[in-house]
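Spelled out from the first residue to the last, the chains are:
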Amino acid sequence: MSVLVLVEGFNGEIKKSSLEAASYGSQVANALGTEATAIAIGEVQESALAALGAQGITKVLFDDDARLHNFVAEAYLKVIAQAASQESAKVIIFSNTNIGAALGSRLAVRLNGSLATNVTALPVISGDSFTVRRGVFSGKAFADVNLTGDVKIVAVKKNSIDISSDAGGTASVEKFSVGLSDADFAFAPKETVMQETDGGVLLPEAEIVVSGGRGLKGPENWHLVEDLAKALGAATACSKPVSDQDWRPHHEHVGQTGITISPNLYIAIGISGAIQHLAGVNSSKVIVVINKDPEAPFFKAADYGIVGDAFEIVPKLIEAARAL
Amino acid sequence: MKILVCISNVPDTTSKINFTGDGKSFDKNGVQFVINPWDEYALTRAIELKEAKGGTVTVLNVGEADTEANIRKALAIGADDAIRVNAFPKDAMFVAQQIAAIAKENSYDLILMGKESIDFNGSQVHGMVGELLGIPVIFPAFKLDMIDDTTARLEREIEGGKEVLEVKLPFVASAQQPMSEPRIPNMRGIMTARTKPLKVVEPTGEGAQTEYASFSKPEKKSGVRMIDAENAGELISLLRNEAKVL
């Protein structure tokens, strides 16, 4: 019996969300009196994998098949299911990324297991019962869920688990291969288009996000958002009306029907805070709202607020941030 | 083309969320239910494909009788017929088993649903349905077009970009914005929806793999600290020294 963690590589490094999953997995392993093994897929350096020891991983199985650099569900599933069987994994940990959720649900059927996604805390384990807390109702509530299946699969919400940095030494790295055939890659993407981040930070992984709404009056004023983001090392985002009017691309839209984020710091400029917008950002740890309307509903959900003209306030923030 | 669209009956986005006194179940009192907004993207895209290429759109809901108002709404928007599996949707695995059973009986070319429901936020059912049927799942798809009668071209969101895929029917796709522009039913749609077939079937399958033990709400924020616009720069030092997020 062991705990298996999926580790995703990207451009040679391990994704931050995977370091969180590894930290989660090794703490579960400790509680169960067993060890945590990682299955690593994607473009990643072996030295980075060995360093997973710091998160408490003892062994890494590494499939370095270059065809796995793009996500192909069927191929990934075969690799993970084989690793789970070799390690007799009773608990499997993913990060709740688009990849983790896609794999978790198929694997739950394949292994006849129980799945919880969007999990925000370590499990409560008592005898045979294994209970996790997950976010429900778009951030407005939590549910405690018992995973009753023999195999328990947990997809951990991003930025909800602290990354351990001294949980162990160096992890051993073993090559792992399941002999994938071309048929396993039948649904490989024809084309992958990455966003131009301009050297900036990707929104779903960002710890700090600067977001703009209609209050900015037009796309020509977005340098305010971008300059503040650059000064803080933040990603940029926007509200739904902004992406609907094509001021900004759809992938920047956070909210009920956009993407959900939970950064450490969310700075909203000229966004009134409609409930649909809050649903996408309400689990951010600290929320700053800048709006000229003192009655804007967003202030009720904020930790810090400034009432006033964004065109006067944001340059002052940029100046102060650059001076840090 | 035979399209199945799975819809979920969820509390309206603006609803106040409350639980029963023991914290064990959701309190439906005074809550208005709507079609899950993500499922609406799937539904309208299905109707658009039908209008362009011909075929049928069937909507499927796993739920008790009180979901029929929203099933009728889906028919009013333009679906041809509907199936309700008469059961409380215990968990994603249970719902996926019901959908897979209906799909096996009727062999649809395309199964669409939203990328998640706004109540349980699981993002699980589409993957489970695909696995139970042994067909591909495209999650989350924000563009779906038919290249010819058997192959679709989809665009899927990945962290930091997008992928373009070509996939042969049948498959499952989970929709997200901007796959389509959801429609409001017109008067003619509402009238015809009353007479469109809505079949009620009983559930099958082994059941759930999870148990919802209790619900709770996040702690309330202690209140907003306002900073004078004249000294806006002070915010940055508060974020560093007090909130410790910089």
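Worth saying up front: this structure is predicted, and the values here are computed from it rather than measured. Residue numbers run consecutively from 1 along every chain, following the written order of its sequence. To label them, take the chains in the order written and letter them from A, then take the ligands in the order written and number them from 1. Given that this is a predicted model, residues contribute local features only at a pLDDT of at least 70 and side-chain atom pairs are listed and counted only at 80 or more, while totals for whole chains, interfaces and linings are drawn from all residues. Hydrogens are left out, water is left out, and the side-chain values use all remaining heavy atoms of the structure.

K.L.:
How would you sum up the interface of chain A and chain B? Please name residues and give values.
P.N.:
With 82 residues of chain A at the interface, the matching set in chain B holds 71 residues. Buried area: the sum, over both parts, of the accessible surface (1.4 Å probe) that disappears when the two are put together. With both sides pooled, the region where chain A packs onto chain B buries about 6,800 Å², and carbon together with sulfur makes up 58% of that total. Looking only at chain A, the three residues that lose the most surface to chain B are A:Asn98, A:Phe137 and A:Tyr304, adding up to 12% of its buried area. By definition here, a salt bridge exists when the distance from a side-chain nitrogen of Lys or Arg to a carboxyl oxygen of Asp or Glu is within 4 Å. Our count for the contact surface shared by chain A and chain B stands at 3 salt bridges. Every residue pair with non-hydrogen atoms within 4.5 Å of one another is taken to be in contact.

K.L.:
So what about the domain arrangement of chain A? Which residues, and what values?
P.N.:
All names here are of chain A. Each domain of chain A was delimited in the assignment, giving domain 1 (2-185) and domain 2 (203-322). One C-alpha centre belongs to domain 1, the other to domain 2; they are set 32 Å apart. Across the boundary between the two partners, domain 1 contributes 9 residues, which contact 12 residues of domain 2. Note on domain 1 versus domain 2: buried area summed over both sides is about 870 Å², and carbon and sulfur give 32% of it. Residue ranges assigned to the domains are those given by an automatic or database domain assignment.

K.L.:
Could you give an account of the nonpolar core, with specific residues and numbers?
P.N.:
To qualify as a nonpolar core, a set must consist of buried Ala, Val, Leu, Ile, Met, Phe, Trp, Tyr and Cys residues joined through side-chain atoms within 4.5 Å. Three labels apply to residues, based on accessible area from a 1.4 Å probe with only protein chains included: buried if under 20% of the type maximum, exposed if over 50%, partly exposed otherwise in between. Formed by 58 residues in total, the largest nonpolar core has its most connected members in A:Ile39, A:Ile80, A:Ile92, A:Phe94, A:Leu103 and B:Ile111. Contact partners of A:Ile92, with chain neighbours within four places excluded, come to A:Leu4, A:Ala84, A:Leu107, A:Leu111, A:Val151, A:Lys152, A:Ile153 and A:Val154.

K.L.:
Please give an account of empty space enclosed by the protein that cites residues and values.
P.N.:
Only protein atoms enter the 1 Å grid used here, on which a cavity is any set of points holding a 1.4 Å probe that cannot leave and a pocket is any open set flanked by protein within 12 Å on both sides along at least five of seven lines; residues with an atom within 4 Å of a point are listed as lining. Grid points are joined across faces, edges and corners, and a volume is the space filled by probe spheres set on the points. Taken as a whole, this structure holds 2 cavities of 30 Å³ or more when the rule is applied. Taken as a whole, the largest cavity holds about 770 Å³ of empty space. Along its surface, the largest cavity is lined by 44 residues, and A:Asn96, A:Ile259, A:Thr260, A:Ile261 and B:Lys115 are the ones closest to its centre. When contributions to the lining of the largest cavity are tallied by element, the ones reaching two or more residues are helix 1 (16-32), helix 4 (98-110), strand 5 (114-119) and strand 7 (129-136) of chain A together with strand 8 (151-158) of chain B. Under the scheme used here, helices are H or I runs from DSSP no shorter than 4 residues and strands are E runs no shorter than 2 residues, and both carry numbers assigned from the N terminus. Here the lining of the largest cavity gets 3 residues from one element, more than from any other, and that element is helix 1 of chain A. Polar here means any residue outside two lists: the nonpolar Ala, Val, Leu, Ile, Met, Phe, Trp, Tyr, Cys and Pro, and the charged Asp, Glu, Lys and Arg; Gly therefore counts as polar. Classifying every residue of the lining of the largest cavity gives 13 nonpolar, 22 polar and 9 charged. Each of domain 1 (2-185) and domain 2 (203-322) of chain A gives at least three residues to the lining of the largest cavity. Roughly 60 Å³ of internal volume is contained in the second largest cavity.

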